[in-house]
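# Examining the three-dimensional arrangement
So the chains spell out like this:
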Amino acid sequence: MLDDLVAQIDPRTSWTGYLIAAGTVLSFGLALSEPSASSGLGFFARIVFWLAHVAAALVLFELAQITLGRIALFERLPPLLLVMAVGVVGAILFSIFNLLLLDRIAFLVGDLTDVEPISIPGLMEELRDSGATSVLFWVLLNSPRLIMIAQQKDAAEAGEPPSAEVASIQPEAAIAPTGASRQLLDLLSRLPRRIGTDIVAISAELHYLRVYTRGGEALILMSFGRAVEALGVIPGQMIHRSHWIALAHIATVESVGDRFVCRLDTGLELPVSRTYRSRLRAALASRDHQRVLQAAERMELGPKPAE
């Protein structure tokens, strides 16, 4: 349990942890620099003031990112343009939230902040004061992962064409309905060619998605829910609210202390949450049953011994 929590908040590997770390550093930096919005407040009050503002902004921007990422008009945009569009929407949402709630709480508690009137001009005033800064902040926060995605694409374009083994789309996708196939192909098209398309597992990092294949792994800009929907044409199972695995690639499911771990045939290990354990057992039983039937069918259809 503790290991899972540490993994989820580690800023080096987790987007959630990265946001928490960046938000905390920014809040303390603003409290120390004492901008005009918090001037007159004591140091502790300034920390609370900026933590509230930064946390609210990050939550609203993340919600906007996940929502817009599910809209067809926006999901086709290049990652940088999508993040910039989210920055604009997030800045508007944050300005509204700030105008309606945060500024008024600060005024009531500290009686130090001039509160903008709840009106269109008041909203425009908020946007003028913080809109451009909020958009820039969101783009800068996403820039390390946007650079990583761009580098993956550049490496794929500069590399050799993929082999037939890693380039082939799994058979289940070929016979899937048109709509489902289109969703899966959209997901596969975002992967670098060097890692192929034989998907082993996916893991959510809020609006980012880490995709594991037999050939490697990659980070793409896509929501976990939409990716799971796209992978519905492949036999698979959610084993955690943030992890999905392909049943064909499960090697073992093991108990480690009070934790269950799913080990895949690539060596990747992912945690199995209590909620999904019974579903995973049922899915594995069905998979093994199908394998037995297929083996029996092959034996039945095999060449008969000469009399």
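Bear in mind that the values here come from a model prediction, so they are computed numbers and not experimental data. (Residues numbered from 1 in each chain as written. Predicted model: local features only at pLDDT ≥ 70, side-chain atom pairs only at ≥ 80, totals over all residues. Heavy atoms only, no water.)

Mapped onto the secondary structure, Gly29 falls in helix H2 (residues 15-33). The spacing of Gly29 and Trp50 is 21 residues in sequence and 9.2 Å in space, taken between C-alpha atoms. (Helix = DSSP H or I, 4+ residues; strand = E, 2+ residues; numbered from the N terminus.)

Counting across every chain of the model gives five aromatic pairs. On the basis of an interplanar angle of 35° and a centroid distance of 5.2 Å, the ring pair of Trp15 and Tyr18 is categorised as tilted. Of this pair, Trp15 and Tyr18 both sit in helix H2, three residues apart, roughly one helical turn. The exposure classification of Trp15 matches that of Tyr18, with both residues buried. Centre to centre, the rings of Phe49 and Trp50 are 5.0 Å apart; their planes meet at 90°, and the pair counts as edge-to-face. In this structure Phe49 comes out as buried when scored by relative accessible area, which is 8%. Arg145 extends its terminal NZ or CZ atom over the ring of Tyr18, reaching a point 5.2 Å from the ring centre. (Phe/Tyr/Trp six-rings, centres within 6.5 Å; stacked < 30°, edge-to-face > 60°. Buried < 20%, exposed > 50% of the residue type's maximum accessible area, 1.4 Å probe, protein only. Lys NZ or Arg CZ within 6 Å of the ring centre and 35° of its normal.)

This paragraph deals with the environment of Pro78. With respect to the helices and strands, the residue Pro78 is situated in the loop between helix H4 (72-75) and helix H5 (79-110). Owing to a relative accessible area of 44%, Pro78 belongs among the partly exposed residues under this scheme. With 143 residues separating them in the primary sequence, Pro78 and Leu221 have C-alpha atoms 9.3 Å apart.

Pairing between strand E4 (residues 236-240) and strand E5 (residues 243-246): four bridges, direction antiparallel. When the sheet's bridge partners are listed, Gln237 is paired in E5 with Ile245. Between the end of E4 and the start of E5, which pair antiparallel, lie two residues. (Pairing = 2+ DSSP bridges.)

Attention now goes to H2. Counting along an α-helix, one turn takes 3.6 residues, and residues three or four places apart therefore face a common direction. For H2, spanning 19 residues, the distance from its first C-alpha to its last is 27 Å, which sits close to the expected 27 Å at 1.5 Å a residue. Taken as a whole, H2 has its buried residues at Trp15, Gly17, Tyr18, Leu19, Ala22, Gly23, Ser27 and Ala31. Once H2 finishes, Glu34 follows within two positions and takes phi at roughly 55°, a positive value. (Expected span 1.5 Å × (residues − 1).)

Attention now moves to the pattern of salt bridges. Scanning all chains against the criterion turns up eight salt bridges. When the shortest N-O distance is used, the salt bridge between Arg145 and Glu205 registers 3.9 Å. One end of the pair, Arg145, is in helix H6 (residues 120-158); the other, Glu205, is in strand E1 (residues 199-205), with 60 residues separating them in the sequence. By the burial criterion, Arg145 is buried, and Glu205 matches it. The residue Glu217 makes a salt bridge to Arg210 at a minimum N-O spacing of 3.1 Å. Overall, the relative accessible area of 37% leaves Glu217 in the partly exposed class. On the basis of relative accessibility, which here comes to 16%, the residue Arg210 falls in the buried class. Through salt bridges that share partners, Arg145, Glu205, Arg210 and Glu217 make up one connected network. (Salt bridge = Lys/Arg side-chain N within 4 Å of Asp/Glu carboxyl O.)

Our focus in this paragraph is the environment of Pro271. Counting through the fold element by element, Pro271 comes out in strand E8 (residues 269-272). Sequence-wise, Pro271 and Val253 are 18 residues apart; in three dimensions their C-alpha atoms are separated by 9.5 Å.

Any functional reading would require information that these geometric values do not contain.
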